[in-house]
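# Results of the structural survey
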Amino acid sequence: MGDAYGERMRGMAYDRFGDDDVLALRDDLPEPPVGPDVVLVRVHAAGVNPVDLGIRAGGLANFFPHNFPIIPGWDVAGVVEAVGPAVVAFAPGDEVFGYVRRDDVQWGTAAELVPAPQRCLAHKPASLSFAEAGALPLAGLTAYQALTEALDVGEGDRVLVHRASGGVGFNAVQIAVALGAHVIGTASPRNHGFLRDAGCAEVIDYSAGPISAQLSEPVDAVLDLVGGATLADAPKQVRDVSRIASVVDPAVNGMGGRYVFVRPEQHDLEELGRMADAGQLRVPIAKAFPLEDLVAAHRLVGEGHVRGKVVVTLR
Ligand SMILES: NC(=O)c1ccc[n+]([C@@H]2O[C@H](COP(=O)([O-])OP(=O)(O)OC[C@H]3O[C@@H](n4cnc5c(N)ncnc54)[C@H](OP(=O)(O)O)[C@@H]3O)[C@@H](O)[C@H]2O)c1
């Protein structure tokens, strides 16, 4: 970011990879450029995801071009401020939500304005608040794409969702239920009531031994959100290894299952919005922080025990 742009905006940013202490509140960030396919969104809420911490630590440096200063965050809900000349689906004043994964890492959602490619956005579901809509996209799309594309979950399937109390997990439970599945979720006992409220027919304590030993019979599909030893146990949890999907461990491919990396997809966002408005998808917010407390939000997510979603709000 040089001085090519006129106006300045407020946001959180970092100039080098590192721990959460590299994050700083700034009021001198340049306002983003609005290219032909760009929807400039005034941010009301920005969901925080584990990948934000990974990017901040430099973990995806070989995966995307990175340009400092980096504004973190891929999840957004807000109001369209301006659109580029090739944008047809959105107009200033529209309420939108989206997963703003651009081809480079620089312009994130933890700032007053974010330049979002139009493919990353959809209209905000009316039934969700900005905080809820801003917490939904990345985790919701991951769950939706894993269940519908990788696992082809349908009516009557018995589906095991690991880490079901986290951001991807609680979405997966509700989406699988909406698809007609019988859902079994894993969580620590303090989260079992939460899982049943989300729609789990059965719950399993992940700290009480291998999951396969706790199942009454193998399931039809497994969504792994843990990896490692939990994934290694998965072939004993399922009837057919081709119906194991993992979003955390590419080793699943060598087992005959599918690794899933979420992608921005307008149609899928619209489907999530439709489920929310139909009362099939709720977005529990574990904690909402003001933008300037993003460091605390990153710390909380980094502890790995959030129930629901963490979000920062700007308005
Ligand atoms: N490939 C992709 O495209 C993609 C997309 C999204 C996410 N991911 C990855 O998927 C993982 C999950 O993301 P998330 O946002 O859902 O995480 P999250 O919200 O931070 O997960 C927190 C939850 O995990 C539970 N948990 C921790 N260890 C567990 C275990 N061994 N078994 C069962 N539950 C456990 C915690 O419950 P307790 O307090 O009970 O432990 C807590 O409720 C992360 O590694 C993330 O990076 C990948």
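Chains are numbered independently. Their residues run from 1 in the order of the written sequence. Under the rules for a predicted model, residues below a pLDDT of 70 receive no local features and side-chain atom pairs below 80 are neither given nor counted, while totals for whole chains, interfaces and linings still include all residues. The basis for the side-chain values is all heavy atoms of the structure; hydrogens and waters are excluded.

### Concerning the nonpolar core
Take the buried residues of types Ala, Val, Leu, Ile, Met, Phe, Trp, Tyr and Cys, join any two whose side-chain atoms come within 4.5 Å, and each joined set is a nonpolar core. Summary of the burial criterion: residues with accessible area below 20% of their type's maximum are buried, those above 50% are exposed, and those between are partly exposed, where the area comes from a 1.4 Å probe applied to protein chains only. Counting 95 residues, the largest nonpolar core has Leu 147 and Leu 223 as the members making the most contacts within it. No other element matches helix H3 (residues 137-150), which puts eight residues into this core. Domains are outlined according to an automatic or database domain assignment. Taken domain by domain, this core gets at least three of its residues from each of domain 1 (8-136 + 283-313) and domain 2 (139-259). Only DSSP runs of H or I with at least four residues qualify as helices, and only runs of E with at least two residues qualify as strands; both kinds are numbered from the N terminus onward.

### Describing the pattern of salt bridges
Any carboxyl oxygen of Asp or Glu within 4 Å of a side-chain nitrogen of Lys or Arg constitutes a salt bridge here. Under the criterion given, the structure shown has 15 salt bridges. For Arg 158, the salt bridge identified is with Glu 202, shortest N-O distance 3.5 Å. With Arg 158 in strand S8 (residues 158-161) and Glu 202 in strand S10 (residues 202-205), the pair connects residues that are 44 residues apart, well separated along the chain. Overlapping salt bridges, with partners in common, bring together Asp 15, Arg 26 and Asp 28 in one network.

### Some thoughts on the site of the ligand
Near, as used in this document, describes a residue that has one of its heavy atoms within 4 Å of the molecule or strand being considered. The ligand sits among 24 residues. The nearest are Ser 165, Ser 188, Tyr 206, Val 247 and Val 306. Between N or O atoms, a polar contact is any pair within 3.5 Å; within protein, one atom must be a potential hydrogen donor and the other a potential acceptor, and residues adjacent in sequence are included only when both atoms are from side chains. At a separation of 3.1 Å, an oxygen atom of the ligand approaches a polar side-chain atom of Arg 163. Compared with its free state, where it exposes 940 Å², the ligand has 86% of that area covered by protein. For the shell around the ligand, the secondary structure elements donating two or more residues are H3 and helix H4 (167-178). Note on residue categories: nonpolar means Ala, Val, Leu, Ile, Met, Phe, Trp, Tyr, Cys or Pro, charged means Asp, Glu, Lys or Arg, and polar means any other residue, Gly included. Across the shell around the ligand, the residue classes break down as 13 nonpolar, nine polar and two charged. There are two domains that each give the shell around the ligand at least three residues, and those are domain 1 (8-136 + 283-313) and domain 2 (139-259). Residue-level accessible areas treat just the shown protein chains as cover; the underlying method is Shrake-Rupley with a 1.4 Å probe.

### Quick look at the domain arrangement of the chain
Interface extent is often summarised as the accessible area lost during association of the parts. Splitting the chain by domain gives domain 1 (8-136 + 283-313) and domain 2 (139-259). Computed over C-alpha atoms, the centres of domain 1 and domain 2 are 28 Å apart. Contact with domain 2 buries surface across domain 1, with Leu 136, Pro 284 and Arg 307 losing the most and accounting together for 50% of the total. Summed over the shared surface of domain 1 and domain 2, the number is zero salt bridges. Taken together, domain 1 and domain 2 are joined by five residue pairs in polar contact (both at pLDDT 80 or more). Residues that form the side of domain 1 that touches domain 2 fall into these classes: five nonpolar, three polar and two charged. When two parts are put together, the accessible area they lose, computed with a 1.4 Å probe and summed over both, is reported as buried area.

### Digging into H4
A helix is expected to span 1.5 Å for every residue after the first. Here H4 contains 12 residues, and its C-alpha end-to-end distance of 17 Å stays within 8% of the 16 Å for a straight helix at 1.5 Å per residue. Taken across its 12 residues, H4 has 10 buried, putting it largely inside the fold.

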